[in-house]
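# Understanding the architecture of this molecule
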Amino acid sequence: MDAIRVNSLKKKFKKITALDDVSLSVEEGELFGLLGVNGAGKTTLINILSGLCKKNEGKVHIFDFDIDKNLNEIKKIIDISPQETSVAPNLTVKENLKFFASIYDVKEDKIDSIISTFKLNEVINQKAKTLSGGWQRRLSIAIALVSSPKILFLDEPTLGLDVLARRDLWKIILSLKGKITIILTSHYLEEIEALCDKVAILSKGKLLKIGTIEEIKKNVNNKSFEDAFVEIVEENQ
Amino acid sequence: MKRTFNFAKRNFIEMFRDPLSFIFGLGFPFIMLALFAIINNYTNGNTPMFEARALVPGVMVFSYSFIMLLMSLLVSKDRKTLLLKRLYTSPMRINEFIFGYAIPGLCLGFLQSIICILGGLIIYLPISGDYFTFTQSILLFVSQLPMLVTSVFLGILFGSVLNEKSAPAVSSVFISASGIIGGSWMPLDTMGEFETFCRFLPFYPSVYLGRILVEASHTNGEKYIFDNIASLGLIPIVVALILSVVLSILAFSYQSKKD
């Protein structure tokens, strides 16, 4: 079953075309990567899919819900971990989780299981603002799972993290694979390659290629994913 | 309702764990009262503006502008860290956001008012032996509520439209303005046309109303009474209250789509 179906999506910000006739579908349980350089339209696409931003044209379905008609229903089954860590800085780790649980009316048992999954026990009483970048990102993703979303949007989840913290987060993201549908945006090619089942390459608002990593590599007769990405983007400059 | 309460609780904790709330929100009014009491003492009571009955209502209105500053900081920081973006994808509605922000601001304002009234009592009673009654204190507290609500919603408005760097800058203009044109410690009643201008803004009429209720005296020694200045002064108080609430809701709603 398709978790996300996008048809002929268009978005303009004044004179700038952020998304131009984008069509794609994401299967339930898939870890789907959105790849592109700065200004490619990745965040705009995520914002539209999560109901944060209105599209100009096209159709978007989240499971069976039409985003134009059922946004409130969609909000109950999605969650987002934005580019910034987006946690409450003066609240402790546990208070952050409890706060978001209270917004979604989630029971405390769920929080305990998330604390254990994300190994947050060692920082549980620390204020969020005192956590390192890696822990803040970990908390940010943990918060996004409090509502038990069917679809999770991760916008540049490892941006600015060191290698160890990044690898640590990869493990967490991989542990979620297959359990929920994840849409992940990233600049990092190795991240997309390591994590994603399927990838969409965007450039200047256009969808250039979509497929598995192997399909994309094969498509342009290249050995490495990085070479394939560069060739695809440069071809369409 | 439950979400509003939970969001308000988060904002309450967030504000009360920030030392700025204690320094500006609660400590500063007390320090100002003490400072003006010392000046009044050294001028042998020749500065009527610094007598408790005239000063406390003025300091209350002035202090609310710090609540505005703290609110604008809270909202603009939540926008910057994208905490609000995350919450926009939740089932929370605009009214839940607005009241969730306003409730802790009002709580802080209530505390601030109590500190001003009790602080005035602690500082002034031993010096002058004169202070207003309990009933007058309650009336003063209630009379300043519209100005408190206006300040809280102005803070939400500024936090919605400005970033975390410009919000404090604009708020500080209001802080200065409320001190000067509110007549908190300036004898506006001796300033002719400037006083007339100040009557069109909500700060001075609110201070004026408070001074009537606690039987304060003008610079010339006459008591503040419910005259034309007071009755016409209710108009800017009510207009500012309505405008701040409506504009903050509109601005927050607009910004939630833009962010």
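Position labels on residues start from 1 in each chain and follow its written sequence. Chains and ligands are labelled by the order in which they are written, letters from A for the one and numbers from 1 for the other. Residue-level local features of this predicted model are given only where pLDDT is at least 70; pairs of side-chain atoms are given and counted only at 80 or more, and the full residue set underlies all totals for whole chains, interfaces and linings.

## Re the overall build of chain B
A tally of regular secondary structure across chain B gives 11 helices and zero strands. Starting at the N terminus, the α and β elements of chain B follow one another as α-α-α-α-α-α-α-α-α-α-α. Overall size of chain B, expressed as C-alpha extent along the three principal axes, is 60 × 35 × 30 Å. Partly exposed residues are those whose C-beta has more than 12 but fewer than 20 other C-beta atoms within 10 Å; 20 or more makes a residue buried and 12 or fewer makes it exposed, with C-beta atoms placed from the backbone. Relative to its 259 residues, chain B shows a buried fraction of 49%. C-beta atoms are placed from the backbone for every residue, and two residues are taken to be in contact when these atoms lie within 7 Å. Put simply, of all contacts in chain B between residues at least 6 apart along the chain, 83% involve residues at least 24 apart. Strands here are runs of E lasting at least two residues and helices are runs of H or I lasting at least four, both read from the DSSP assignment and numbered beginning at the N terminus.

## A few points about the overall build of chain A
When you go through chain A residue by residue, the secondary structure sums to nine helices and 10 strands. Taken over the C-alpha trace, chain A has a radius of gyration of 18 Å; the compact-globule value for 237 residues is 18 Å, and the two agree within 12%. Projected onto its principal axes, the C-alpha coordinates of chain A cover approximately 50 × 40 × 35 Å. Burial analysis of chain A (237 residues in total) assigns 43% to the buried set. Radius of gyration here is computed from C-alpha atoms only, and the compact-globule reference equals 2.2 Å multiplied by the residue count raised to the power 0.38.

## What about the confidence of the model for chain B?
Per-residue confidence from the predictor is reported as pLDDT, which spans 0 to 100. The predicted model of chain B averages 90 in pLDDT, with 99% of residues at 70 or higher. On the interface metric, ipTM, the complex scores 0.84, and its pTM is 0.86.

## Focus on the sheet that holds strand β4 (residues 57-62) of chain A
All names here are of chain A. As summarised here, the arrangement of the four strands in space is β2-β1-β4-β5, forming an open sheet in which the pairing is antiparallel. Both outer strands of the open sheet, β2 (16-27) and β5 (65-66), are each paired with one neighbouring strand and no more. Summarising the sheet, strand β1 (residues 2-13) and β4 pair through five bridges and their orientation is antiparallel. Residue pairing in the sheet places R5 in a bridge with H61 of β4. Following DSSP output, two strands are said to pair if at least two bridges run between them.

## Overview of unusual backbone geometry
Residues and elements named next belong to chain A. Not every positive phi belongs to a glycine, and D21 is a case in point at roughly 55 degrees. With respect to the helices and strands, the residue D21 is situated in strand β2. Judged by C-beta crowding, with 14 C-beta atoms within 10 Å, D21 ranks as partly exposed. Notably, S148 is not glycine yet its phi reads approximately 50 degrees, a positive angle. Counting through the fold element by element, S148 comes out in the loop between α5 (133-146) and β7 (151-155).

## Structural notes on the packing of helix α3 (residues 52-80) of chain B against helix α8 (residues 166-181) of chain B
Geometry of a packed helix pair, given as the angle between the helix axes and the separation of the axes. Residues and elements named next belong to chain B. Axis geometry follows a simple rule: fit a line to the C-alpha atoms, using only the stretch in contact for helices, then measure angles between N-to-C directions, giving values from 0 to 180 degrees. Where α3 meets α8, the axes come as close as 9 Å, and the angle between the chain directions of the two elements is 170 degrees. Our classification of the angle between α3 and α8 gives roughly antiparallel. Between α3 and α8, the residues in contact are V61, F62, S65, F66, M68, L69, S72, L73 and S76 and A167, P168, S171, F174, I175, S178 and G179, respectively. Under the convention adopted here, Pro, Cys and the residues Ala, Val, Leu, Ile, Met, Phe, Trp and Tyr are nonpolar, Asp, Glu, Lys and Arg are charged, and Gly plus all remaining residues are polar. Its residues placed into classes, the contact of α3 with α8 shows 10 nonpolar, six polar and no charged. Should an angle fall under 35 degrees it is taken as roughly parallel, and over 145 as roughly antiparallel, whereas 65 to 115 is taken as roughly perpendicular and any remaining angle as oblique.

## Some thoughts on the packing of helix α3 (residues 93-103) of chain A against helix α4 (residues 108-117) of chain A
Residue and element names in this part refer to chain A. Between α3 and α4, the least distance of the axes is 10 Å, while the angle of their chain directions is 140 degrees. Judged by the angle between their axes, α3 and α4 are oblique. For the pair α3 and α4, the crossing hand works out as right-handed. Every residue of α4 that contacts α3 at L97, K98 and A101 is listed here: K110, I111 and I114. The class makeup of the residues in the contact of α3 with α4 is four nonpolar, no polar and two charged. By definition, turning the near helix anticlockwise from the far helix through less than a right angle yields a left-handed crossing, and turning it clockwise yields a right-handed one.

## Focus: the environment of V161 of chain B
Residues and elements named next belong to chain B. Tracing the backbone through its elements, the reader meets V161 in helix α7 (residues 145-161). Between the C-alpha atom of V161 and that of S76, which follows or precedes it by 85 residues, the distance is 8.1 Å. In this view, V161 contacts A251 and Q255; residues no more than four positions away in its chain are not counted.

## Description of the sheet that holds strand β9 (residues 198-203) of chain A
All names here are of chain A. Ordered by their spatial adjacency, six strands build an open sheet running β6-β7-β8-β3-β9-β10, and the pairing between neighbours is mixed. Where the open sheet ends on each side, the last strands, each with one partner, are β6 (78-81) and β10 (206-211). Each strand axis lies, on average, 15 degrees off the axis of its neighbour in the sheet, ignoring direction. Relative to strand β8 (residues 181-186), β7 is paired through five bridges, and the arrangement is parallel. Within β8, the residue paired with L152 across the bridge is I182.

## Quick look at the interface of chain B and chain A
Chain B puts 18 residues into the contact, and the matching count from chain A is 23 residues. Looking at the side of chain B that touches chain A, its residues break down into seven nonpolar, four polar and seven charged.

## Here's the deal with the pairing of β8 of chain A
Residues and elements named next belong to chain A. The buried count for β8 comes to six of six residues, which makes it a mostly enclosed element. In β8, alternate side chains face the same way, and those of T181, I183 and T185 on one face and I182, L184 and S186 on the other are all buried. Two strands pair when backbone bridges link them, and strand β3 (residues 31-35) and β8 are joined in this way by five bridges, in the parallel orientation. Its bridge partner being in β8, F32 is matched across the sheet by I183. When the strands point away from the viewer and the connection leading from the first strand across the helix to the second strand turns clockwise, the crossover is called right-handed. Handedness of the β-α-β unit built from β7, helix α6 (residues 163-176) and β8 comes out right-handed.

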